[in-house]
Protein chains: 2
Amino acid sequence: MFKGKVVVAQGGGPTAVINQSMVGAVLESRKFRNVELVYGAVHGVRGIVDEHFLDLTQETTHNLEMVAETPSSALGSTREKPDLKYCQEIFKVLKAHEIGYFFYIGGNDSSDTVRIVSEEAAKADYGLRCIHIPKTIDNDLVVNDHTPGFPSAARFVAQAFSGVNLDNQALPGVYIGVVMGRHAGFLTAASALGKKFQDDGPHLIYLPERTFDVDTFVSDVKEVYDRTGRCIVAVSEGIHDASGEPIITKLAEEVERDAHGNVQLSGTGALADLLVSVVKKKSGIKRVRGDTLGYLQRSFVGCVSDVDQREAREVGEKAVQYAMWGQTNGSVTIHRTGFYSVDYQLTPLLDVAGKTRTMPDSFIAANGHDVTTDFLMYLRPLLGRGMPDAYRLRDNRVAKVLNR
Amino acid sequence: MFKGKVVVAQGGGPTAVINQSMVGAVLESRKFRNVELVYGAVHGVRGIVDEHFLDLTQETTHNLEMVAETPSSALGSTREKPDLKYCQEIFKVLKAHEIGYFFYIGGNDSSDTVRIVSEEAAKADYGLRCIHIPKTIDNDLVVNDHTPGFPSAARFVAQAFSGVNLDNQALPGVYIGVVMGRHAGFLTAASALGKKFQDDGPHLIYLPERTFDVDTFVSDVKEVYDRTGRCIVAVSEGIHDASGEPIITKLAEEVERDAHGNVQLSGTGALADLLVSVVKKKSGIKRVRGDTLGYLQRSFVGCVSDVDQREAREVGEKAVQYAMWGQTNGSVTIHRTGFYSVDYQLTPLLDVAGKTRTMPDSFIAANGHDVTTDFLMYLRPLLGRGMPDAYRLRDNRVAKVLNR
């Protein structure tokens, strides 16, 4: 074991359970004698470079437990994607503060940061254990069965569509809900878990794993509407045409790009509004409404999966155990071992870093706008206990008297 | 007491607890010997005119209890606003089916329908008891302290802004959330109940009770952002300029109007997107995001106030009791009698029908973009038990070593 301090940091988009991982890593670290102090970096790698650390050894266990139950990144996050030079700065600060253990909770980009910092430490022959702790509502980390944060966001999406379905039954029409997910459709597909009865929505689910054709979309909607009198659609924000161009950029006046060169898809209702106006114009259906589920998907207080909480806590704990008892750096990965149980492994950073997982074909229906039973079976246990259920009145029709 | 059947119907926008009122009225009606059968009209007044009734006397008590816990209108709803001729059709069907009691759960417009039907029955000297049962997430019925459906929607808005605040702390910037409410700002104001710490958002709250000036709005946002590095804004969909023109119509290409002549404000992200682009352009702030809370506010499954559930059930029960034991038609109204307790009264339909209540001045801060402590005290008990709480890490700063 290395002597020295521990640094924990959080990167990328917040989730409902990312603090569970942070607290898991902090509490487990505080048990080890060779750990001098446990620091938290404020706003991820930016906080490391700025030497903005909180001493979490001085935090009470009780408050840590309360923070663990609070959504979003309590240490703050960042969208900055460190290049080699940036990672060298990170390493310089870690060295100056005599850090022996670096834990970074995040997605693809964060795992790549851990990889570069880890390589810098090796080059300098400095004893630094670097562990990536998985997190992303997009569920797009390779190797993992799923990633912490996704189950709670999926639960929010399922509950949202369950409610929207009831609303749409009461006041029928077309409803289009846009869900987060740039390249991976897992979160959009989760809308299917809001269904109970055969005729419940969402009736159509469009994923970024398939090409989106506007005319096919409109005729799909019209077919469902003509047959049932209503239609609920779940659409991924990342839907794109055959050339790979996002549908949203076809309309956006100004395309905003982030530091990673990605087009800004969230924080705007433009895609939903575009799709609504296309359906109105081309189908002639009058009542067409659109919502963009937006930031509530990852931040809503009071909608969380207990399975997600438990696993997020465990990957934090396991990260510290791998760091202390193991001989290598790596990324903690989640592997399914039963229906439902999981186990954890430490996977080489190179196998995870910077790679993107998308929905396997076995999860997507042949028609391209629905999910399979395989997917339902995959996701259901992740949503956890106490999923709300929807009931309806039985159809005891009264005979007409006037019969006009 | 009249002999005859009971009809229960649901009108207007669904809520999280409107089925509680329906089930309260149905179960209470089934206790009375003079009630022959209990019908539910499918899709409100439209179902009455079409003679589309369900026999709820054949429904199990158990399923009714499960439906009561399910959001949205289980009988279906309608946006149709009956005129005199339509109400005469309603009356004709009620008479043909030997209905003695008509219970209509809804808002302003529904209470007006009850009033007209009641007058038609009186003219025809037909023994029909007509009771309006209050419901609206807008909380805009006069006489009432508050209306069933509002507390649960308010709870959703408070939980949403609590989460959005945590998200915005992790990744700072400007966030604009658009909340339902055409004329009354109660639901938008509920965002203030998501605050815990002094510096929590929403930092600015814009209500339809005050004139919205775009330039003042931008400078308000800039002031908060320059001071704190972030800014969360709650905006009512009904904000308007000094002439009363909704801000959204200033941009909408096509203004969609409903049967009541109202401009379509919900089901579009246009207002949030407009405000986001105005802030970006005029303030130069880079990270500006907008969400429209949309239909989730009234339909999300799994976010409900137990106080709201109880009261919604009681107004349904009380409606039947007033109908059976009393001598007059009317609207059931809610009156606060303690901190926190309520009692119910039967108020003449003319005192409620077609009138709109807005936020009293005592609930709006003098600066016009915040709420008062009076409002917080008014709303807090309505949100019910088990409101999620947000915790943060204490600021135990580590001294810098490199100090660059």
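About the cut-offs
- Residues numbered from 1 in each chain as written.
- Chains lettered and ligands numbered in written order.
- Predicted model: local features only at pLDDT ≥ 70, side-chain atom pairs only at ≥ 80, totals over all residues.
- Heavy atoms only, no water.
- Least-squares fit on C-alpha atoms with pLDDT ≥ 70 in both.
- Contact = heavy atoms within 4.5 Å.
- Pairing = 2+ DSSP bridges.
- Helix = DSSP H or I, 4+ residues; strand = E, 2+ residues; numbered from the N terminus.
- Axes fitted to C-alpha atoms, helices over the stretch in contact; angles between N-to-C directions.
- Parallel < 35°, antiparallel > 145°, perpendicular 65-115°, else oblique.
- Left-handed = near helix turned anticlockwise from the far one by under 90°.
- Nonpolar A, V, L, I, M, F, W, Y, C, P; charged D, E, K, R; others polar.
- Buried area = accessible area lost by both parts, 1.4 Å probe.
- Salt bridge = Lys/Arg side-chain N within 4 Å of Asp/Glu carboxyl O.
- Polar contact = N/O pair within 3.5 Å; in protein donor to acceptor, adjacent residues only side chain to side chain.
- Buried < 20%, exposed > 50% of the residue type's maximum accessible area, 1.4 Å probe, protein only.
- Domains from an automatic or database assignment.
- UniProt positions renumbered as here; feature names shortened; annotations may be inferred.

Caption draft 1: Layout of the relation of the copies chain A and chain B. When chain A is fitted to chain B, the residual RMSD is 0.0 Å, and the transformation amounts to a turn of 180 degrees plus an axial shift of 0.0 Å. The superposition of one copy onto the other is thereby described by a two-fold rotation axis. Within chain A, Gly-269 of chain A has its C-alpha nearest the rotation axis, a separation of 2.2 Å. Comparing contact sets, 100% of the residues at the interface of chain A also lie at the interface in chain B, consistent with an isologous, same-surface contact.

Caption draft 2: Spotlight on the sheet that holds strand β4 (residues 99-106) of chain A. All names here are of chain A. With mixed pairing, seven strands are arranged side by side in an open sheet as β3-β2-β1-β4-β5-β10-β11. Single-partner strands in this sheet number two, and they are β3 (53-55) and β11 (341-347). The average undirected angle you get between the axes of adjacent strands in this sheet is 30 degrees. Sitting on the sheet, helix α11 (residues 306-325) touches β1 (4-10), β2 (35-41), β4, β5 (129-134), β10 (330-338) and β11, and the angle it makes with β11 is about 35 degrees.

Caption draft 3: Region of the structure containing the packing of helix α4 (residues 84-96) of chain A against helix α5 (residues 108-123) of chain A. Residues and elements named next belong to chain A. The contact between α4 and α5 brings their axes to 9 Å, and the two run at 60 degrees. Classified by the interaxial angle, the pair formed by α4 and α5 is oblique. Read as a crossing pair, α4 and α5 show a hand that is right-handed. Residues Leu-84, Cys-87, Gln-88, Ile-90, Phe-91 and Leu-94 of α4 touch α5, and the partners they reach there are Thr-113, Ile-116, Val-117, Glu-120 and Ala-121. Among the residues forming the contact of α4 with α5, the class breakdown is eight nonpolar, two polar and one charged.

Caption draft 4: Main features of the interface of chain A and chain B. In this assembly, 91 residues from chain A lie in contact with 91 residues from chain B. Across the interface of chain A and chain B, roughly 7200 Å² is buried in total on both sides, 55% from carbon and sulfur atoms. At the boundary of chain A with chain B, the tally comes to four salt bridges. Note that Glu-59 of chain A and Arg-394 of chain B form a salt bridge whose closest N and O atoms lie 2.7 Å from each other. Run the count over chain A and chain B and you get 38 residue pairs in polar contact (both at pLDDT 80 or more). When contributions to the side of chain A that touches chain B are tallied by element, the ones reaching two or more residues are β3, α3 (61-68), α4, α6 (150-170), α9 (270-283), β9 (288-292) and α10 (296-299) of chain A. The biggest single contributor to the side of chain A that touches chain B is α6 of chain A, with ten residues. Partitioning the side of chain A that touches chain B into residue classes produces 38 nonpolar, 30 polar and 23 charged.

Caption draft 5: The pairing of β9 of chain A, seen in detail. All names here are of chain A. Burial of β9 is extensive: five of the five residues sit out of reach of the surface. Going residue by residue along β9, you find Val-288, Gly-290 and Thr-292 tucked away on one face and Arg-289 and Asp-291 tucked away on the opposite face as well. When strand β6 (residues 174-179) meets β9, the two strands line up parallel, connected through five bridges. When the sheet's bridge partners are listed, Gly-177 is paired in β9 with Asp-291.

Caption draft 6: Inspection of the domain arrangement of chain A at higher detail. Residue and element names in this part refer to chain A. By the assigned domains, chain A splits into domain 1 (4-148 + 304-352) and domain 2 (151-302 + 360-383). If you average the C-alpha positions of domain 1 and of domain 2, the two centres end up 32 Å apart. Between domain 1 and domain 2, the contact holds 24 residues from the first and 20 residues from the second. In total, about 1900 Å² of surface goes out of reach between domain 1 and domain 2, with carbon and sulfur atoms giving 59% of it. Across the domain 1-domain 2 interface, the total number found is zero salt bridges. Our count for the domain 1 to domain 2 interface comes out at seven residue pairs in polar contact (both at pLDDT 80 or more). A per-class count over the side of domain 1 that touches domain 2 returns ten nonpolar, six polar and eight charged.

Caption draft 7: Inspection of the pattern of salt bridges at higher detail. Residue and element names in this part refer to chain A. Evaluated as defined, the whole model comprises 42 salt bridges over all chains. With a closest N to O distance of 2.8 Å, Asp-215 and Lys-282 form a salt bridge. Placement of Asp-215 in helix α8 (residues 214-228) and of Lys-282 in helix α9 is noted, with a sequence separation of 67 residues between them. Salt bridges here are not isolated pairs; linked through shared partners, they connect Lys-81, Asp-112, Arg-115 and Glu-119.

Caption draft 8: Spotlight on the pairing of strand β10 (residues 330-338) of chain B. All names here are of chain B. Bridge count for strand β5 (residues 129-134) against β10 is two bridges, and the pairing is parallel. What sits directly across from His-132, in β10, is Ser-331. Bridging between β10 and strand β11 (residues 341-347) involves seven bridges; their strand directions are antiparallel. When the sheet's bridge partners are listed, His-335 is paired in β11 with Asp-343. Where β10 folds back onto β11 in an antiparallel hairpin, the turn is made up of two residues.

Caption draft 9: Spatial organisation of the UniProt feature "site: Important for catalytic activity" in chain A. Feature annotation in UniProt assigns "site: Important for catalytic activity" to the following positions: Lys-135 of chain A. At 2.8 Å, the side chain of Lys-135 of chain A forms a polar contact with the backbone oxygen of Gly-13 of chain A.

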